[in-house]
Structures are given as structure tokens and as C-alpha cells.
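Summary of structural features
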Amino acid sequence: GAVIRKVRLADGGHVATSAVINLGHGNDMTYDSKNNRLVIAHGISQGKILTLVNAEDLSFIEDINIEAGAGAITYNEKRDCYAISQGGKSIHFLDSDFKLIKSLTKTAPAEYVAQGMGSDDKYLYFPMSNNWTDERPFLDNIFDVYDWDGNHVAIVHIPVAMESECMFWVNGKYYVAYNNSSSMAICETVMKIKVND
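These numbers come from a predicted model, not from an experiment.

With that settled, consider the side chain of H92. Structurally, H92 is set in strand β9 (residues 90-94). Of note is the side chain of H92, whose polar atom sits 2.7 Å from the side chain of S103.

Below, the discussion takes up the layout of surface pockets. If you add up the space inside the largest pocket, you get close to 1,700 Å³. Lining of the largest pocket is provided by 43 residues; of these, M29, T30, L38, C166 and F168 occupy positions nearest its centre. Among the elements of the structure, β1 (5-7), β3 (28-32), β4 (37-41), β7 (72-76), β12 (118-119), β16 (163-170) and β18 (184-189) are those that each provide at least two residues to the lining of the largest pocket. With six residues, the top contributor of residues to the lining of the largest pocket is β16. Across the lining of the largest pocket, the residue classes tally to 22 nonpolar, twelve polar and nine charged.

So, on to the pattern of salt bridges. Two side chains carrying opposite charge are able to pair once their charged atoms lie near each other. Tallied over the full model, the rule gives four salt bridges. For D11, the salt bridge goes to R8, with nearest N and O atoms at 3.1 Å. On the accessibility criterion, R8 (41% relative accessible area) is partly exposed. For R37, the salt bridge is made with D32, and the minimal N-O distance between the two is 2.8 Å. Owing to a relative accessible area of 0%, D32 belongs among the buried residues under this scheme.

A word on the sheet that holds strand β10 (residues 100-105). Across the sheet, which stays open at both edges, the four strands sit in the order β7-β8-β9-β10 with antiparallel pairing between neighbours. In this open sheet, the two strands that pair with only one neighbour each are β7 and β10. Strand-to-strand, the axes of this sheet are offset by a mean angle of 20°, without reference to chain direction. Bridge count between β7 and strand β8 (residues 81-85): five bridges; the pairing is antiparallel. For A72, the partnering residue across the bridge sits in β8 and is S85.

With antiparallel pairing, the three strands of this open sheet are ordered in space as β16-β17-β18. Here the strands that pair on one side only, and so sit at the sheet edges, are β16 and β18. The mean inter-strand angle of the sheet, taken between neighbouring strand axes irrespective of direction, is 25°. With six bridges connecting them, strand β17 (residues 173-179) and β18 associate as antiparallel partners. Following the sheet pairing, Y174 is matched in β18 by T189.

The rules behind each value
Residues numbered from 1 in each chain as written. Predicted model: local features only at pLDDT ≥ 70, side-chain atom pairs only at ≥ 80, totals over all residues. Heavy atoms only, no water. Helix = DSSP H or I, 4+ residues; strand = E, 2+ residues; numbered from the N terminus. Polar contact = N/O pair within 3.5 Å; in protein donor to acceptor, adjacent residues only side chain to side chain. 1 Å grid on protein atoms, 1.4 Å probe; cavity = no way out; pocket = protein on both sides within 12 Å on 5 of 7 lines; lining within 4 Å. Points joined across faces, edges and corners; volume = space filled by probe spheres on them. Nonpolar A, V, L, I, M, F, W, Y, C, P; charged D, E, K, R; others polar. Salt bridge = Lys/Arg side-chain N within 4 Å of Asp/Glu carboxyl O. Buried < 20%, exposed > 50% of the residue type's maximum accessible area, 1.4 Å probe, protein only. Pairing = 2+ DSSP bridges. Axes fitted to C-alpha atoms, helices over the stretch in contact; angles between N-to-C directions.

Below, the structure is given as C-alpha cells:
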């Protein structure tokens, strides 16, 4: 079981905490603005389960079984669809009813570990951290960037020595949550992607 804590982005103040909900590993989450609900990807051994939660009161709505595995998930209101991934090796697109539209193979940089994902109206972002070993701690992070057609666009380096877990986009700003061993830091991220014609 897990709980979801709602906090104000402006000051980190606590708003609400859910009851205990079975979310598996609870690897990633997205906000479905059309239906005002949270959609959580269980990940790992329960990758084909998504859990829907009411965004207002954080109550459990239902579990959804999906065709492709998900450890990462993002929703785009303009397109009214989801993108999911698991292990950084694929991108699957789901319609608003969670039906599989298409699947693509994704080649993840070998020295980086896949985490969650996020998006805006143009791009999908996969935050990834160095593949940790005792000799090589997390030294930097990247966004592996794709467009909504599944084309690879760029790799953006983020010089942060913490483990990136997930990212989200709110009011035109990008945020990344980093595991800092004893706490979770949420940092605004500014980036520029220049696409050559």
C-alpha cells in the first residue's frame, strides 16, 4: 500500500493525504485534466495496472488493466491521450479510454537508468540518471526527448548529482523530482531545445 500526499507547488505546504491505496511500486503518476483525476502507473511486476484516483479528495476510483506495461506515464490534454513506457525501451500511446493506439521501440542511452516521464504539447521527456555503482555515484541526469510521433529529438544534460525520479509541466514551467537519499527535492528546470531543420 501507499499514500498520495497533495502539496501546494508555491510553498510545499501540505493540503491532503490519501488513505492507503494499493499502487504497486507506484512508479509514476500523471494528472488527467479532462477528468480531474490522477493516473498512477504501478510499474515493475504490476506494469499492466493503472490506478485512477480522484484529484480533489484523493479517493480511489478504480484499477485499469492495460495491454502494454507502464512504469512511466504522462497525459496530454490537447491530444487527450496518454504515453507510457517501461524500462526506457519503448513508448506506447493510449487513447483516453486506455486502449493501445501504437507502440514504438525506444533506444535508451546505456549508461542511464530509466525513471518516470513527462510531457508538454510538443515533446515527451524521459528523465534518466547515471547507472549507479559504488565506484560511480549519480553524477548527472538527462532528459531523453521525443516528439509525440515517436521521433527522437535530443538529449538534454542536467548537471544535478541526485537521482531524477519524475518530471511534470505546470503553467509553462518544468519541474523534476530528485531523490536525495533522505528527502525529495522538486526543482524547476529551464531548458532550450533547438531542432535543426
